Amino acid sequence: MGVVNVTPDSFSDGGEWFEPRAAIEHGLELLAEGADVLDVGGESTRPGAGRVPVEDELARVLPVISALSAQGAVVSVDTTRALVAEQAVAAGARIINDVSGGLADPDMAGVVARTGAVFVVMHWRGHADVMDDLEQYDDVVTDVRDELAARVEALRSAGVRDEQIVLDPGLGFSKAGSTNWPLLTHLDVLRGLGFPILVGASRKRFLGHLLAGPDGEPVPPLARDGATAAITALAAAAGAWCVRVHAVRSSADAVRVAAAWTRAGATG
Ligand SMILES: Nc1nc2ncc(COP(=O)(O)O)nc2c(=O)[nH]1
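Every value quoted in this text rests on a predicted model; they were computed, and no experiment measured them. (Residues numbered from 1 in each chain as written. Predicted model: local features only at pLDDT ≥ 70, side-chain atom pairs only at ≥ 80, totals over all residues. Heavy atoms only, no water.)

Chemist: Would you mind going over the overall build of the protein with me for this structure?
Modeler: Of regular secondary structure, the protein possesses 10 helices and eight strands. A compact globule built from 268 residues would reach a C-alpha radius of gyration of about 18 Å, and the protein, at 17 Å, matches this within 12%. Here the protein displays about 11400 Å² of accessible surface, and carbon together with sulfur accounts for 55% of that area. (Helix = DSSP H or I, 4+ residues; strand = E, 2+ residues; numbered from the N terminus. Rg over C-alpha atoms; globule rule 2.2 N^0.38 Å. Areas by Shrake-Rupley, 256 points an atom, 1.4 Å probe, with all protein chains shown as cover.)

Structure below.
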């Protein structure tokens with residue numbers, strides 16, 4: 001899943017593809033690099049980001065979703081708003097990628113049920129302005145699993161079918177650096193819920209800290225693509241359904257390495 005952020009302020013690529021034409025071109029480049037899905041977002045979710053008015057979010061994403069869908073791309077819309085999701089599906093999006101898993105907008109579950117779109121349910125505890133204050137867990141793996149299971153039950157009650165649901169641990173969302181790693185090394189616990197798993201580690205802060213030099217300063221987002229590709233390979237080998245990345249080529253190659261590695265291991 002290649003990231004197409006049509007925003008002026010996303011943490012790792014804010015502003016590069018803010019104009020629709022540039023965003024569309026970038027999406028086509030990511031397809032050429034091997035992306036299976038293009039994730040189009042119009043509102044940054046980075047910690048501390050302010051909300052974007054809904055009309056601005058619509059104006060940003062709809063032209064890009066329409067154009068990329070018309071080119072045959074499988075497009076997801078990265079939004080927490082039911083209205084944006086509904087209009088994005090009408091414009092051709094086949095996946096709704098909601099970092100709040102339906103918590104931010106009470107109308108989202110109904111839109112998902114009505115449209116039949118695939119729904120990515122990410123683990124989330126609050127909007128960007130508060131999420132860093134909500135990082136308390138007894139056991140992050142079982143807590144995230146249980147909170148996602150509760151979301152699944154709520155979605156089922158709203159008429160969403162199991163085959164529409166994809167789960168996502170929400171790396172970096174209400175999770176400080178060290179808290180992210182157990183979610184990656186225990187993907188099997190999340191997979192135990194019985195749904196495909198999407199992993200979004202690309203260029204995130206916890207990787208910047210991992211790669212920090214002697215001065216302890218985290219490396220900048222654009223220096224985190226090697227670590228991102230390594231996580232892609234490990235997550236693929238652990239059975240992840242999809243990884244959401246900014247740099248597609250390196251992760252597409254990493255998926256092929258993991259597939260070859262797993263096949264060789266299977267043949268013994
Ligand atoms: N499903 C899903 N969606 C996401 N959307 C945005 C970001 C972070 O923002 P970015 O687009 O600036 O990387 N991370 C995720 C994620 O981890 N999972």
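Chemist: Would you mind showing me how to read the pattern of salt bridges here?
Modeler: A side chain of one charge can pair with a side chain of the opposite charge when the charged atoms of the two come close. Under the defined criterion, the tally for this structure stands at 13 salt bridges. For Glu-153, the salt bridge goes to Arg-156, with nearest N and O atoms at 2.5 Å. With a gap of three residues between them, Glu-153 and Arg-156 both fall in helix H5 (residues 140-157), about one helical turn apart. For Glu-153, a relative accessible area of 42% corresponds to the partly exposed category. The network of salt bridges with shared partners includes Glu-43, Arg-51, Glu-57 and Arg-81. (Salt bridge = Lys/Arg side-chain N within 4 Å of Asp/Glu carboxyl O. Buried < 20%, exposed > 50% of the residue type's maximum accessible area, 1.4 Å probe, protein only.)

Chemist: Quick question: what am I supposed to make of the sheet that holds strand E4 (residues 95-98) here?
Modeler: Backbone-to-backbone hydrogen bonds join strands into a sheet, with any given pair of strands oriented parallel or antiparallel. Reading across the sheet, the six strands line up as E1-E2-E3-E4-E5-E6 and stay open at both edges, with parallel pairing between neighbours. At either margin of the open sheet sits one strand with a lone partner, and together these are strand E1 (2-5) and strand E6 (165-168). For this sheet the average axis-to-axis angle between neighbouring strands, irrespective of direction, equals 25°. The strands touched by helix H1 (residues 20-33) within the sheet are E1 and strand E2 (37-41), with E1 carrying the most contacts at an inclination of about 175°. (Pairing = 2+ DSSP bridges. Axes fitted to C-alpha atoms, helices over the stretch in contact; angles between N-to-C directions. Contact = heavy atoms within 4.5 Å.)

Chemist: Even after reading the chapter, I still don't get the site of the ligand, so can you show me in this structure?
Modeler: Near the ligand lie 17 residues; those nearest to it are Asp-78, Asn-97, Asp-168, Lys-204 and Arg-244. Here an oxygen atom of the ligand and a side-chain polar atom of Lys-204 are 2.7 Å apart. Separating an oxygen atom of the ligand from a side-chain N or O atom of Arg-244 is a distance of 2.6 Å. In isolation the ligand offers 410 Å² of accessible surface; the protein chains occlude 98% of this area. Counting residues per element, the ones that place at least two in the shell around the ligand are E1 and strand E5 (118-122). Considered class by class, the residues forming the shell around the ligand number seven nonpolar, six polar and four charged. (Near = heavy atom within 4 Å. Polar contact = N/O pair within 3.5 Å; in protein donor to acceptor, adjacent residues only side chain to side chain. Nonpolar A, V, L, I, M, F, W, Y, C, P; charged D, E, K, R; others polar.)

Chemist: I would appreciate a short explanation of the nonpolar core in the present structure.
Modeler: One broad rule of soluble globular proteins: the nonpolar side chains tend to lie buried together. Judged by nonpolar contacts, the single largest core of 59 residues is most densely connected at Val-40, Ile-65, Ile-96 and Val-199. When neighbours within four sequence positions are excluded, Val-40 is seen to be in contact with Val-4, Val-6, Val-61, Val-64, Ile-65, Leu-68, Val-75, Ser-76, Val-77 and Asp-78. If you look at the next biggest cluster of nonpolar residues, it comprises seven residues, including Val-120, Val-166, Leu-198 and Cys-242. (Core = buried A, V, L, I, M, F, W, Y, C linked by side-chain atoms within 4.5 Å.)

By themselves, these are just geometric observations and shouldn't be taken as functional.
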